Amino acid sequence: MLFSIIGLTHITTVKADSKINDYIISNKIKPAAIQNQEGTFSEWTGYRNGVGHPEGVVVHETSEANVTAQQFTDRFNANWPKLETYVHAFVDDNKILNIHNTDYAVWGAGPTANARYVQVELCRVNSYDAFARSLSNDAYYIASKLIQYNLPDVPGQTVISHAQASNTWHETTHQDPVYYFSIWGYNMDQFNDLIKTYYNNLKTYGDVNGQNDHVIKVHNAHGDFVPLVGINTDNQVVPIENRAVANDSVWYTDQSKTVDGVTYRRVSTHEWIAETYKA
Ligand SMILES: [Zn+2]
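Predicted model, so just to flag it, every value in this text is computed and none were measured. (Residues numbered from 1 in each chain as written. Predicted model: local features only at pLDDT ≥ 70, side-chain atom pairs only at ≥ 80, totals over all residues. Heavy atoms only, no water.)

### Looking at the sheet that holds strand S3 (residues 56–61)
Pairing is mixed in the open sheet, where six strands are placed in the order S2-S5-S4-S6-S3-S7. Strand pairing shows two members of the sheet lacking a second neighbour, strand S2 (34–36) and strand S7 (159–161), which therefore form its edges. Each adjacent strand pair in this sheet contributes to an overall mean axis angle of 25°, direction not counted. As paired elements, strand S4 (residues 89–91) and strand S5 (residues 96–98) share three bridges and run antiparallel to each other. Each residue of the ladder has a partner; that of Ala89, found in S5, is Asn98. Of the strands in this sheet, S4 and S5 touch helix H2 (residues 69–83), which is tilted by about 155° from S4. Each of S3, strand S6 (117–122) and S7 is contacted by helix H5 (residues 162–169), which is oriented at about 80° to S7, the strand it contacts most. (Pairing = 2+ DSSP bridges. Helix = DSSP H or I, 4+ residues; strand = E, 2+ residues; numbered from the N terminus. Axes fitted to C-alpha atoms, helices over the stretch in contact; angles between N-to-C directions. Contact = heavy atoms within 4.5 Å.)

Written as structure tokens, this is what we have:
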């Protein structure tokens with residue numbers, strides 16, 4: 001019998017070893033929308049690889065309590081020539097404000113990092129829930145930028161902390177966000193886990209929490225593959241003998257149909273998968 005297993009899309013879901021990540025993921029916290037609020041920064045410089053070619057994102061935190069993303073944005077817009085600093089975005093528990101087109105570099109972490117990375121500032125908040133929401137917004141912004149620029153998510157390479165930039169290139173001394181994270185019992189590795197989860201879910205489902213009615217991930221607990229069936233014009237289910245799909249593969253589905261109490265999801269013109277195989 002000719003038998004082929006199709007669909008080897010493999011999805012890695014990171015189980016982040018962090019209570020805060022668990023809180024974010026289990027509560028399906030929904031990040032804010034990214035608002036483009038182009039600011040006053042008037043230095044239009046490309047990255048070392050050119051305009052529109054950042055190599056990743058630097059994670060910052062503002063090191064100042066009780067100042068919102070909007071307040072920081074207003075301050076930077078008024079004072080950047082004097083402060084000699086500007087970033088691409090400010091994020092707090094309610095808002096993601098993108099204030100400079102990320103195709104162009106800003107002044108956030110020294111010349112080397114500035115020539116390579118998008119720079120985002122996390123604002124300090126005062127409650128556990130607000131901290132979780134601010135991380136969700138920050139991780140969503142970072143994952144979205146990696147995807148926008150076709151970059152892989154490689155912790156320490158395409159996502160770095162300002163501390164890592166300082167310690168690598170010695171052009172700044174800032175160690176953010178290490179201390180602020182530690183106040184909440186959090187660290188950069190855990191944040192990278194959250195970013196990876198969001199990145200994978202966004203790529204697969206277009207949603208940080210992996211919720212999308214048009215995408216189905218399938219798994220057969222009793223075998224290495226998931227069977228496909230046909231549904232004929234008399235609404236009868238017909239087994240497909242020579243094709244199946246791989247366990248944990250992910251499929252776009254455009255239709256569903258119920259036959260004898262079982263719901264089937266269409267994954268190609270004449271092929272359906274019983275929803276009982278939904279992973
Ligand atoms: Zn910083």
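Continuing now.
### A look at the coordination of the zinc ion
Six octahedral donors around a metal ideally make angles of 90 or 180 degrees; four tetrahedral donors ideally make 109.5 degrees. Distances from the zinc ion to its protein donors, namely His60 (ND1), His162 (ND1), Asp176 (OD) and Asp176 (OD), fall within the range 2.0 to 2.7 Å. In this structure, the zinc ion is coordinated by four donor atoms arranged in irregular fashion, with angles at the metal of 52 to 144°. Each donor residue of the zinc ion belongs to the same chain, with the gaps between them written as H-x101-H-x13-D. Placement of the pair is His162 in helix H5 and Asp176 in the loop between H5 and helix H6 (178–183), with a sequence separation of 14 residues. Asp176 matches His162 in its accessibility class, with the two residues each being buried. (Donors = N, O, S within 2.8 Å, 3.2 Å for Na, K, Ca; no water. Tetrahedral: all angles 85-135°; square planar, octahedral: opposite > 155°, others 65-115°. Buried < 20%, exposed > 50% of the residue type's maximum accessible area, 1.4 Å probe, protein only.)

### A few points about the pattern of salt bridges
All told, the structure shown has eight salt bridges when counted by the stated rule. Among the salt bridges present, the one from Glu61 reaches Arg124, with a minimum N-O distance of 3.0 Å. You can see Glu61 sitting in strand S3 and its partner Arg124 sitting in the loop between S6 and helix H4 (128–148), a full 63 residues away along the chain. Just as Glu61 is buried, Arg124 falls in that class too. Measuring nitrogen to oxygen at the nearest pair gives 2.8 Å for the salt bridge that ties Arg133 to Asp129. Of the two residues, Arg133 and Asp129 are both situated in helix H4; the distance of four residues between them amounts to about one turn of the helix. (Salt bridge = Lys/Arg side-chain N within 4 Å of Asp/Glu carboxyl O.)

### Section: the packing of aromatic side chains
In this structure the tally under the stated criterion is 19 aromatic pairs. Measuring from ring centre to ring centre gives 5.6 Å for Phe131 and Tyr180, while their planes differ by 85°; the resulting arrangement is edge-to-face. Of this pair, Phe131 sits in helix H4 while Tyr180 sits in helix H6, and the two are 49 residues apart along the sequence. Assessed through its relative accessible area of 3%, Tyr180 is described here as buried. The rings of Phe41, Phe72, Phe76, Trp80, Tyr86, Phe90 and Trp107 are connected pair by pair, giving a single aromatic cluster. (Phe/Tyr/Trp six-rings, centres within 6.5 Å; stacked < 30°, edge-to-face > 60°.)

### Side note on the domain arrangement of the protein chain
With domains assigned, the protein chain is organised as domain 1 (19–205) and domain 2 (214–277). Each of domain 1 and domain 2 has a C-alpha centre, and the two are 41 Å apart. (Domains from an automatic or database assignment.)

### Considering the side chain of Ser166
Locating Ser166 in the fold gives a position in helix H5. In this structure Ser166 comes out as buried when scored by relative accessible area, which is 3%. Here Ser166 is in contact with Glu171, Thr172, Thr173, His174 and Gln175, once residues within four sequence places are set aside.

### Considering the nonpolar core
Counting residues in each nonpolar core, the largest one holds 38 residues, and the members touching the most others are Leu135, Ile142, Phe181 and Phe191. For this core, the secondary structure elements donating two or more residues are helix H1 (19–26), S3, S4, S6, H4, H6 and helix H7 (188–205). Counting residues per element, this core draws most heavily on H4, which supplies nine residues. If near-sequence neighbours (up to four positions away) are discounted, Ile142 is found in contact with Val57, Val59, Val120, Val159, Phe191 and Ile195. Grouped together as the second largest cluster of nonpolar side chains are 13 residues, Val67, Phe72, Phe76 and Phe90 included. (Core = buried A, V, L, I, M, F, W, Y, C linked by side-chain atoms within 4.5 Å.)

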